[in-house]
Amino acid sequence: MADSEKLTSQVPTSTPSTAADEKKSPFSDENKDSLGGSTTDHLGANFRAFAAAIRGKALAKKAAIRATSKQAVRKIGSTRPLHFASEGAVAGNSLLPRWAYYGAWGVSGLAITADVASKSWDAPADKGMHTALYWTAFHIPASLVVPAYVIHQVVHGAENFVKKNSFAQKKLTSGIR
């Protein structure tokens, strides 16, 4: 007997139907596909494939964002004038609103952090932490403390000169009306 005849000759006997019989199990023979697998297995496989595709796109997007972020960090770190924005804040301390003063210090800190990060990324893997510590120890005094102190002293000296010298007071106030 051929396979097709065997399938058609097997007819299930009919039994009285109940409410429990009408609720079909996902694992019943009626839910089997032509390959013998359950259609719920295919549904799960489709969901897993969909999740993997989304995850792959998310990982690709994350890698692209990471690459773009690294480029931005390198660009900010290599822009040397940003390292010295705090010196402009120190010089204009009496003229600037507090948000601009602290914002300039924040820009300097961000630029220095970006420079240290890019230098540590370029370092060999075993020297990354040492490179970061070295450049941090260099930048804090060289880009923040010493220039801010020097500019503060110059501004303070100029203010004292103007207060004590009547000639300077006349010249500076005569042009302002």
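That block above? That's the structure.
Residues numbered from 1 in each chain as written. Predicted model: local features only at pLDDT ≥ 70, side-chain atom pairs only at ≥ 80, totals over all residues. Heavy atoms only, no water.

All told, the structure shown has 2 salt bridges when counted by the stated rule. Residues R74 and D122 are paired through a salt bridge, measuring 3.0 Å at the closest nitrogen-oxygen approach. Of this pair, R74 sits in helix α3 (residues 39-78) while D122 sits in helix α6 (residues 98-122); the two residues are 48 residues apart in sequence, bridging distant segments of the chain. Judged by relative accessible area, D122 falls into the exposed class, the value being 54%. When the shortest N-O distance is used, the salt bridge between K119 and D115 registers 3.5 Å. On the criterion of helical spacing, the pair formed by K119 and D115 is a turn pair, its members being 4 residues apart in helix α6. With a relative accessible area of 27%, K119 lands in the partly exposed category. Using a relative accessible area of 7% as the deciding quantity, one classes D115 as buried. (Salt bridge = Lys/Arg side-chain N within 4 Å of Asp/Glu carboxyl O. Helix = DSSP H or I, 4+ residues; strand = E, 2+ residues; numbered from the N terminus. Buried < 20%, exposed > 50% of the residue type's maximum accessible area, 1.4 Å probe, protein only.)

All right, on to the side chain of H83 then. Secondary-structure assignment places H83 in helix α4 (residues 80-83). By relative accessible area, which is 0% here, H83 ends up buried. Sequence-distant contacts of H83, that is, excluding residues within four places in its chain, are made with I76, G77, S108, A111, I112, D115, H139 and S143. (Contact = heavy atoms within 4.5 Å.)

This model, assessed by the stated rule, comprises 3 aromatic pairs. Relative to W135, the ring of Y134 lies with its centre 5.3 Å away and its plane at 85 degrees, an arrangement referred to as edge-to-face. W135 sits in the partly exposed class, given a relative accessible area of 24%. Relative to F138, the ring of W135 has its centre 5.5 Å away and its plane inclined at 85 degrees; by these criteria the two rings are edge-to-face. On the criterion of helical spacing, the pair formed by W135 and F138 is a turn pair, its members being 3 residues apart in helix α7 (residues 128-164). (Phe/Tyr/Trp six-rings, centres within 6.5 Å; stacked < 30°, edge-to-face > 60°.)

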